[in-house]
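# Report on the structure
Here is how the chains run, residue by residue.
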Amino acid sequence: MFQCARNVADVTDEASAPQTRVDFYFDPACPFAWITSRWILEVEPLRRLDVRFHIMSLYLHNEGNELPEWYRELVDRSLGLVRVATAAAEHHSEAVLRDLYTALGTRIHTKGNKDFDAVTAESLAELGLPASLAEAARSTEYDAVLKRSHDAGKDPTASAYVGTPTMHIDSTAFFGPVMNSIPRGEQAARIFDAVRTLSAHPDFFELKRERAGSLRFD
């Protein structure tokens, strides 16, 4: 009886809590952004969140950087994906990005399809979006809009842009959290509570450890 009463109180407290705005900046080609994005969607029904998706670009982030050949190839190819996503948002509002990212990311990361042209065509068709949007992948037409979105994801107080995934929680910008797998259910919510607490502390700025293990998208 006491346990049930406590659970009801917990639910009531969460329902009455102020809504937390989460702005998530993604590049569809980044596996770490994919994992973090699926985590925040796990949290969404368990906490009062206003989750909004925005575009950033691995290509823009790495302009002028010396990269290993395999990573330079990925970064260069990633530009087409974010151009298409930018075009879709321009013509169909930013609200389309949530489902478009899911369609793209499921094919690229969960299913392992690295043919970005095919991924783009299939994703547009799945969502009933015009196939002509795929033409944006090889056009500079939306590059200025893309750069504005990319720059909006940066921490305005930082001297350098850190990378992807980038998240803003109630306007506090930070890189991460970066994870090897997708937390689920209440574990996902507890991790979010910890991240939200840290992000709200004005003097907190870094927490990091060595990476171990491999990526898992299940």
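Just so you know, these numbers come straight off a predicted model, no measurement behind them.

Each helix and strand in the protein was counted, giving 8 helices and 4 strands. Reading the secondary structure of the protein in the N-to-C direction produces α-β-α-β-α-α-α-α-α-β-β-α. For the protein, restricting intrachain contacts to residue pairs at least 6 apart in sequence, the fraction spanning at least 24 positions comes to 74%. Total accessible area on the protein is roughly 12100 Å²; 53% of this is exposed by carbon and sulfur atoms.

We now examine the sheet that holds strand β4 (residues 172-175). One open sheet accounts for 4 strands, arranged β2-β1-β3-β4; its pairing is mixed. Here the strands that pair on one side only, and so sit at the sheet edges, are β2 (49-55) and β4. For this sheet the average axis-to-axis angle between neighbouring strands, irrespective of direction, equals 20°. Where strand β1 (residues 20-26) and β2 come together, 7 bridges link them in parallel fashion. Paired with Arg 21 across the two strands is Asp 50, which belongs to β2. Sitting on the sheet, helix α7 (residues 143-152) is in contact with β1, β2 and β3 (166-169), with an inclination near 135° to β2.

This next bit is on the side chain of Arg 107. Mapped onto the elements, Arg 107 comes out in helix α5 (residues 96-110). For Arg 107, a relative accessible area of 13% gives the class buried. Setting aside chain neighbours within four positions, we find Arg 107 in contact with Gly 112, Asn 113, Val 119, Glu 122, Ser 123 and Glu 126.

The rules behind each value
Residues numbered from 1 in each chain as written. Predicted model: local features only at pLDDT ≥ 70, side-chain atom pairs only at ≥ 80, totals over all residues. Heavy atoms only, no water. Helix = DSSP H or I, 4+ residues; strand = E, 2+ residues; numbered from the N terminus. Contact = heavy atoms within 4.5 Å. Areas by Shrake-Rupley, 256 points an atom, 1.4 Å probe, with all protein chains shown as cover. Pairing = 2+ DSSP bridges. Axes fitted to C-alpha atoms, helices over the stretch in contact; angles between N-to-C directions. Buried < 20%, exposed > 50% of the residue type's maximum accessible area, 1.4 Å probe, protein only.

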